[in-house]
Amino acid sequence: MAETILEVKNLTKNFGGLCAVSNVNMEIKEGELIGLIGPNGAGKTTLFNLLTGVYEPSSGLIELTKDNQQIQIGGLKPYKITGLGVARTFQNIRLFKTMTVLENVKVAMHKNIRYGTIAAILRLPIYYSEEKWVEEKACDLLKEVGLYGKRNEMATNLPYGEQRRLEIARALAIQPRILYLDEPAAGMNPQETTELTQLIHHVRDKYKLTVILIEHDMSLVMSICERIYVLNYGKLIASGTPEEIQKDPFVIKAYLGEEM
Ligand SMILES: Nc1ncnc2c1ncn2[C@@H]1O[C@H](COP(=O)(O)OP(=O)(O)OP(=O)(O)O)[C@@H](O)[C@H]1O
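- Looking at an unreviewed UniProt entry, one finds the protein named ABC transporter ATP-binding protein, with Absicoccus intestinalis as its source organism.

1. Some remarks on the domain arrangement of the protein
1) Next: Domain boundaries in the protein define domain 1 (1–85 + 176–260) and domain 2 (93–175).
2) Next: Centre-to-centre separation of domain 1 and domain 2, based on C-alpha positions: 26 Å.
3) Next: Buried surface at the junction of domain 1 and domain 2, summed over both partners, amounts to about 1,400 Å²; 70% is from carbon and sulfur atoms.
4) Next: Considering only the surface of domain 1 that becomes buried against domain 2, P176, L199 and Y207 emerge as the three largest contributors, covering 34% of it.
5) Next: Between the two partners, domain 1 and domain 2, sit 2 salt bridges.
6) Next: Per element, the largest residue contribution to the side of domain 1 that touches domain 2 is 8 residues, and it comes from helix α7 (residues 190–207).
7) Next: Its residues assigned to classes, the side of domain 1 that touches domain 2 comprises 11 nonpolar, 4 polar and 6 charged.

2. As for the packing of aromatic side chains
1) Next: One pass over the full model with this rule turns up 2 aromatic pairs.
2) Next: A cation over a ring is seen here: R94 above F90, with NZ or CZ 3.8 Å from the ring centre.
3) Next: Positioned above the aromatic ring of Y148, the side-chain terminus of R151 is 4.0 Å from the ring centre.

3. Considerations on the packing of helix α6 (residues 160–172) against α7
1) Next: Axis separation between α6 and α7 bottoms out at 11 Å; the angle between their running directions is 10 degrees. Taken as axis vectors, α6 and α7 run roughly parallel relative to one another. Contact residues: α6 offers G161, R165, I168 and L172, while α7 offers E192, E195, L196, L199, V203 and Y207.

About the criteria used
- Numbers given to residues run from 1 along each chain, matching the order in which its sequence is written.
- In keeping with the predicted nature of the model, local features appear solely for residues at pLDDT of at least 70, side-chain atom pairs appear and are counted solely at 80 or more, and the whole-chain, interface and lining totals rest on all residues.
- Side-chain measures were taken over the full set of non-hydrogen atoms in the model, leaving aside hydrogen atoms and water.
- For the domains described, the bounds stem from an automatic or database domain assignment.
- By buried area we mean the combined loss of accessible area, with a 1.4 Å probe, across both parts when two parts are placed together.
- What makes a salt bridge here is a side-chain nitrogen of Lys or Arg within 4 Å of a carboxyl oxygen of Asp or Glu, nothing more.
- Strands are runs of DSSP state E lasting at least two residues, helices are runs of H or I lasting at least four, and both sets are numbered from the N terminus onward.
- Under the scheme applied, nonpolar residues are Ala, Val, Leu, Ile, Met, Phe, Trp, Tyr, Cys and Pro; charged residues are Asp, Glu, Lys and Arg; polar residues are all the others, including Gly.
- Paired rings are identified among Phe, Tyr and Trp, the last through its six-membered ring, by centres lying within 6.5 Å, and are further divided according to the angle between planes into stacked (under 30 degrees), edge-to-face (over 60) and tilted (the rest).
- Here, a charge over a ring means that NZ of Lys or CZ of Arg falls within 6 Å of the ring centre while also lying within 35 degrees of the ring normal.
- Between the N-to-C directions of two axes lies an angle of 0 to 180 degrees, each axis being a line fitted to C-alpha atoms and, for a helix, fitted only over the stretch in contact.
- Any angle that is under 35 degrees is reported as roughly parallel, and any over 145 degrees as roughly antiparallel; angles of 65 to 115 degrees are reported as roughly perpendicular and all others as oblique.
- For this analysis, residues touch if any pair of their heavy atoms sits within 4.5 Å.

Structure below.
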């Protein structure tokens, strides 16, 4: 039985009078591929923002297990949470516009380098060996997501679907244990969505990741996710396998009028 990697306990986020996330409880096992769904405004992105340190919880706990220890990460700064092996992509793509495809991945890898400023200024041997390592790893990741051939193009010149794949490569560059994907298929055509589905499966297995994704494309969610959590008006209204979720009366009611 896999270990619990993330536990969310009574997590709540208020914005003034609005309760965007209300008393949410979740338990995620290492290596799971989890879907987080719900109608527009249900609180999905707010929950991601709490889990990645963008927002501080109003109350409740977020426990990350690392080296058999439970670390309380609620309210930690995003870079600290990233340092614990948590990466994410965003609903609105956030690539560095003035950088090439390769540079976008390399810049994310620089948290892993071991040389200091002096070694960089003096161009010591460790600088060159580490830079070579960064370049090789970044190229490997680009091959993984099928963008190696475009490594010298400006990131913003890529078609939309490829920009989303580049975001995934950049997230993988920090060598995460948990990967959050916020609407990874948004704006993709059916062919791109199929390729993305395969890519998510592939990187989860290859890098032994725990993946949690927000997605409105129900065919993607139902085909790829092993378990699904459903939010509505900030509250968790259901959790279970895709089959259980599709039959759940609360979920059907929340989505009434929307195709599941
Ligand atoms: N920074 C903020 N300040 C005030 N209200 C916010 C803020 N962020 C989100 N909200 C509100 O919280 C609620 C949940 O929003 P959130 O973006 O988390 O929903 P969502 O499920 O991700 O929606 P969508 O599927 O449309 O992206 C909404 O009513 C939204 O207007």
